[in-house]
Amino acid sequence: MSKVIEIEDSQFKSAVIEENQPVLAYFWAQWCGPCRLVSPSISWIAETYSDRLKVVKLEVDASPESVSQCKVEGVPALRLFKQGEVVKSHEGAISKDKLKEFVEAVV
């Protein structure tokens with residue numbers, strides 16, 4: 001069972017910006033091949049770090065405000081938030097090991 005929470009623009013502020021613990025925002029698209037490759041690693045991160053990291057998933061076509069706010073230029077895209085601010089970002093496919101390094105720098 002995945003601990004990845006699917007959200008849309010209307011939930012972004014409460015689910016990400018106002019969250020007390022670090023949040024990994026995963027921007028993806030149904031038509032994106034690399035997103036399908038990254039999704040299992042995102043689920044793994046959500047399970048592995050569930051005690052100290054919240055993981056949310058936003059479909060880019062349905063969430064234009066969040067995409068603009070986070071300056072997402074391509075998918076898959078990751079934004080790591082701490083206390084409402086982006087502290088790390090990545091665009092493009094990422095290996096499970098690199099994703100783990102990306103997250104561990106903050107949690």
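Each remark here, short or long, concerns the structure printed above.
Novice: Help me understand the packing of aromatic side chains, please; the structure alone is not making it clear to me.
Specialist: To describe a pair of aromatic rings, one takes the distance between the centres and the angle between the planes. Under the counting rule described, the total for this entry stands at 1 aromatic pair. Seen in terms of ring centroids, phenylalanine 12 and phenylalanine 81 are 5.8 Å apart; in terms of plane orientation they differ by 75°. Their pairing is edge-to-face. Here the residue phenylalanine 12 occupies a position in helix α1 (residues 9-17), and phenylalanine 81 occupies one in strand β4 (residues 77-82), the gap between them amounting to 69 residues. Here phenylalanine 12 falls in the buried class, since its relative accessible area comes to 2%. Judged by its relative accessible area of 3%, phenylalanine 81 is buried. We note lysine 57 situated over the ring of tryptophan 28; from NZ or CZ to the ring centre the distance is 4.5 Å.

Novice: What should I look at first to understand unusual backbone geometry in this one?
Specialist: Most peptide bonds take the trans configuration, and most residues that are not glycine carry a negative phi. Here valine 75 and proline 76 are connected by a cis peptide whose omega angle stands at 0°. For proline 76, the position within the fold is in the loop between α3 (64-69) and β4. Positive phi is not limited to glycine here, since glutamine 83 has a value of about 55°. Examined against the element boundaries, glutamine 83 turns out to sit in the loop between β4 and β5 (85-91). Residue glutamine 83 is classed as exposed on the basis of its relative accessible area of 67%.

Rules behind the numbers
- Residues numbered from 1 in each chain as written.
- Predicted model: local features only at pLDDT ≥ 70, side-chain atom pairs only at ≥ 80, totals over all residues.
- Heavy atoms only, no water.
- Phe/Tyr/Trp six-rings, centres within 6.5 Å; stacked < 30°, edge-to-face > 60°.
- Helix = DSSP H or I, 4+ residues; strand = E, 2+ residues; numbered from the N terminus.
- Buried < 20%, exposed > 50% of the residue type's maximum accessible area, 1.4 Å probe, protein only.
- Lys NZ or Arg CZ within 6 Å of the ring centre and 35° of its normal.

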